[in-house]
Amino acid sequence: MIGTQRSGSNLLRVMLDQSADIASPHPAHVLVTFYPLLHLYGDLDHPGNYRRLVSDVVDYIKANPVPWFNVVLDKDELFSLSGVYNLIELNRLVYERVAQAAGARYWCCKSMANVHFADELEKGNPDLKYIYLYRDGRDVAASFKKAIVGEKHIYPIARQWTEDQDACLRLAQKVPANRFHALSYEQLITHPQVTISNLCNFLEIEYHAEMLNFHTSKEAAATAEAGAMWSNLQKPVMADNTGKFRNVLNETEIEIFELIAGDVMKKLGYPLFTSLQNTNLIAEGAVQDYYTENEQLKAKFYKNADMNDIQKRMPQQTILNRIKNRQYDNSAS
């Protein structure tokens, strides 16, 4: 599943997870987390370095805020099954264990930013299918402003959303049509049965009405319990959950977003509400101030965040700190 977070991806994930044919756990974001750290492991062709990566990835997944039920990740097994020693191979093997544990034919990884690793994924996963889920970027921005994850100023949110959609649209031109399926969040919540049925046809799995009863599932409860930003998963589909940005963003924020993302928004069929005349809003000097303010907003938000949200994320952060400190100590010795 590709696109941008806060686009209803957990809603779609939990719906899919109700099918016996597909296993879709809450993502640990293995690729986006570990690719920037790979230089710390040295040459992965050396078995010892790759074995260390396997161990760290497994530990990180086990510390995920939402647990992976009944999934056993054996580090020695993953190492021995690896045909090549790289992160893409490891990610594939991990998700195959997920499908195996669920008795499912397929697995789904809901780490939306994986679109930026599409070239690597294509090499390591023949015939991979992509679900491109998109949502009005202004609603995405409004959601990020209230979530413990992500940027908080409208400018970096708009930049990220635009880059993500551009990457998805480019990928759609590269892969065969039978491996790429696009749907909007707005379609999903206003016409859920038709939208999910069409998606099941694309995935070659059977549609079940139970998919729309996702909110009563164990997976929905576990995800909602892990963070306030997922609380809606224990509610039925909210058909009116669009246009929320009008009550969250001010006119200047909306114009900044549309100045950055307007072309992509029009491609995806979203109307613009501002004149796009105030280009001084995205001038170089203003942008520098936006990023400074963004860091201040994130620090303020985290300081006041729900303690449960913070505690659920601490184990993974501890592992990342351990990795960085361990490697720093080794290089210094």
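Residues numbered from 1 in each chain as written. Predicted model: local features only at pLDDT ≥ 70, side-chain atom pairs only at ≥ 80, totals over all residues. Heavy atoms only, no water.

Draft legend 1. Broad picture of the overall build of the chain. Scanning the chain from terminus to terminus reveals 15 helices and five strands. Expected size for 333 residues packed as a compact globule is a radius of gyration near 20 Å; at 20 Å, the chain falls within 12% of this value. Along the first, second and third principal axes, the C-alpha set of the chain runs to 60 × 55 × 40 Å. Here the chain holds 333 residues, and the buried ones make up 52% of them. When contacts within the chain are restricted to residue pairs at least 6 apart in sequence, long-range pairs at least 24 apart make up 74% of them. Roughly 15800 Å² of accessible area belongs to the chain as shown, and the carbon and sulfur atoms make up 49% of that amount. On the chain, the mean spot of the 35 positive side-chain charges and the mean spot of the 40 negative ones are 3 Å from each other. (Helix = DSSP H or I, 4+ residues; strand = E, 2+ residues; numbered from the N terminus. Rg over C-alpha atoms; globule rule 2.2 N^0.38 Å. Buried < 20%, exposed > 50% of the residue type's maximum accessible area, 1.4 Å probe, protein only. Contact = heavy atoms within 4.5 Å. Areas by Shrake-Rupley, 256 points an atom, 1.4 Å probe, with all protein chains shown as cover. Lys, Arg positive; Asp, Glu negative; His and termini not counted. Charge placed at Lys NZ, Arg CZ, Asp CG, Glu CD.)

Draft legend 2. Focus on helix α8 (residues 154-174). Between its terminal C-alpha atoms α8 stretches 31 Å, which fits the 30 Å expected from 21 residues at 1.5 Å a residue. For α8, the complete set of buried residues consists of Ile-154, Tyr-155, Pro-156, Ile-157, Ala-158, Trp-161, Thr-162, Asp-164, Gln-165, Ala-167, Cys-168 and Leu-171. (Expected span 1.5 Å × (residues − 1).)

Draft legend 3. Structural context of the pattern of salt bridges. Within the structure shown, the criterion is met by 18 salt bridges. Between Asp-56 and Arg-326 there is a salt bridge; the shortest N-O distance is 2.7 Å. One end of the pair, Asp-56, is in helix α3 (residues 47-62); the other, Arg-326, is in helix α15 (residues 307-332), and 270 residues separate them in sequence. With a relative accessible area of 2%, Asp-56 lands in the buried category. Here Lys-298 and Glu-151 are joined by a salt bridge, their closest N and O atoms 3.1 Å apart. Here Lys-298 is found in helix α14 (residues 284-303), whereas its partner Glu-151 is found in the loop between α7 (137-144) and α8, with 147 residues between them in sequence. Glu-151 sits in the partly exposed class, given a relative accessible area of 28%. When salt bridges that share partners are traced, they join Asp-56, Asp-59, Lys-75, Arg-322 and Arg-326 into one network. (Salt bridge = Lys/Arg side-chain N within 4 Å of Asp/Glu carboxyl O.)

Draft legend 4. Just the packing of α7 against α8, in detail. Interhelical geometry of α7 versus α8 gives an angle of 130° and a closest axis separation of 10 Å. Between α7 and α8, the angle falls in the class oblique. Note on packing geometry: the crossing formed by α7 with α8 is right-handed. Between α7, through Gly-137, Val-140, Ala-141 and Phe-144, and α8, the contact on the second element is made entirely by Ile-154, Ile-157 and Trp-161. Residue composition of the contact of α7 with α8, grouped by class: six nonpolar, one polar and no charged. (Axes fitted to C-alpha atoms, helices over the stretch in contact; angles between N-to-C directions. Parallel < 35°, antiparallel > 145°, perpendicular 65-115°, else oblique. Left-handed = near helix turned anticlockwise from the far one by under 90°. Nonpolar A, V, L, I, M, F, W, Y, C, P; charged D, E, K, R; others polar.)

Draft legend 5. Molecular detail of the nonpolar core. Counting residues in hydrophobic clusters, the biggest one holds 78 residues, and the most contacted among them are Phe-34, Leu-53, Leu-87 and Leu-90. Beyond its immediate chain neighbours, meaning those up to four positions away, Phe-34 contacts Tyr-41, Leu-53, Asp-56, Val-57, Tyr-60, Leu-87 and Ile-323. Grouped together as the second largest cluster of nonpolar side chains are 29 residues, Ile-22, Met-112, Leu-133 and Leu-183 included. (Core = buried A, V, L, I, M, F, W, Y, C linked by side-chain atoms within 4.5 Å.)

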